[in-house]
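Spelled out from the first residue to the last, the chains are:
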Amino acid sequence: QVQLVESGGGLVQPGGSLRLSCAASGRSFSSYTMGWYRQAPGKQRELVATIGAGGTTNYADSVKGRFTISRDNAKNTVVYLQMNSLKPEDTAVYYCNAVVTLISTHYNYWGQGTQVTVSS
């Protein structure tokens, strides 16, 4: 059974830091592009950052220079999102995502989400 399980969310003051983790299991995710998305109340889900199988990263403009995505494929794939200099507008549910296209079949998996609240 494929699972993406996020952890590390919580309440943090503006300017603080959090590190989110996403543990992927159930199949090999080493060839997948892994990503973090977020959805704030009343807003659409948006891209935060992605990291390809080879380590290429991509960030939303709003988080560039503050957030860092990384991955560890040593055993099961774990994806991290280090979030620094957090702002109230970063408050959202953060979702882990895994996508790959293999032999013309597109695979797309989501985690259940973890809440991040930035507030004083």
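Parameters and conventions
Residues numbered from 1 in each chain as written. Predicted model: local features only at pLDDT ≥ 70, side-chain atom pairs only at ≥ 80, totals over all residues. Heavy atoms only, no water. Disulfide = S-S within 2.5 Å. Helix = DSSP H or I, 4+ residues; strand = E, 2+ residues; numbered from the N terminus. Buried < 20%, exposed > 50% of the residue type's maximum accessible area, 1.4 Å probe, protein only. Contact = heavy atoms within 4.5 Å. Polar contact = N/O pair within 3.5 Å; in protein donor to acceptor, adjacent residues only side chain to side chain.

K.L.:
Which parts of the structure should I look at to understand the state of the cysteines?
P.N.:
Covalent bonding between the sulfur atoms of two cysteines is what defines a disulfide. Under the criterion given, the structure shown has 1 disulfide. Here C22 is linked by a disulfide to C96, with a sulfur-sulfur distance of 2.1 Å. Torsion about the S-S bond of the C22 and C96 cystine: about -80°, corresponding to left-handed handedness. Remark: C96 occurs in strand β9 (residues 92-102) and C22 occurs in strand β3 (residues 18-25); sequence separation between them is 74 residues. With respect to class, C22 is no different from C96; both count as buried.

K.L.:
Explain the environment of Q13 to me, please; I cannot follow it from the model alone.
P.N.:
Within the element layout of this structure, Q13 appears in the loop between β2 (10-12) and β3. Put simply, Q13 and V118 are 105 residues apart on the chain and 5.4 Å apart in space, counted from C-alpha to C-alpha. Once you skip the residues sitting within four places of it in the chain, Q13 turns out to touch V118 and S119.

K.L.:
What's the story with the side chain of T114 in this structure? I'm lost.
P.N.:
Here T114 shows up in strand β11 (residues 114-118). Owing to a relative accessible area of 10%, T114 belongs among the buried residues under this scheme. Of note is the side chain of T114, whose polar atom sits 3.3 Å from the backbone nitrogen of G9. When neighbours within four sequence positions are excluded, T114 is seen to be in contact with E6, S7, G8, G9, L20, A92, V93 and Y94.

None of this, on its own, says anything about what the molecule does.
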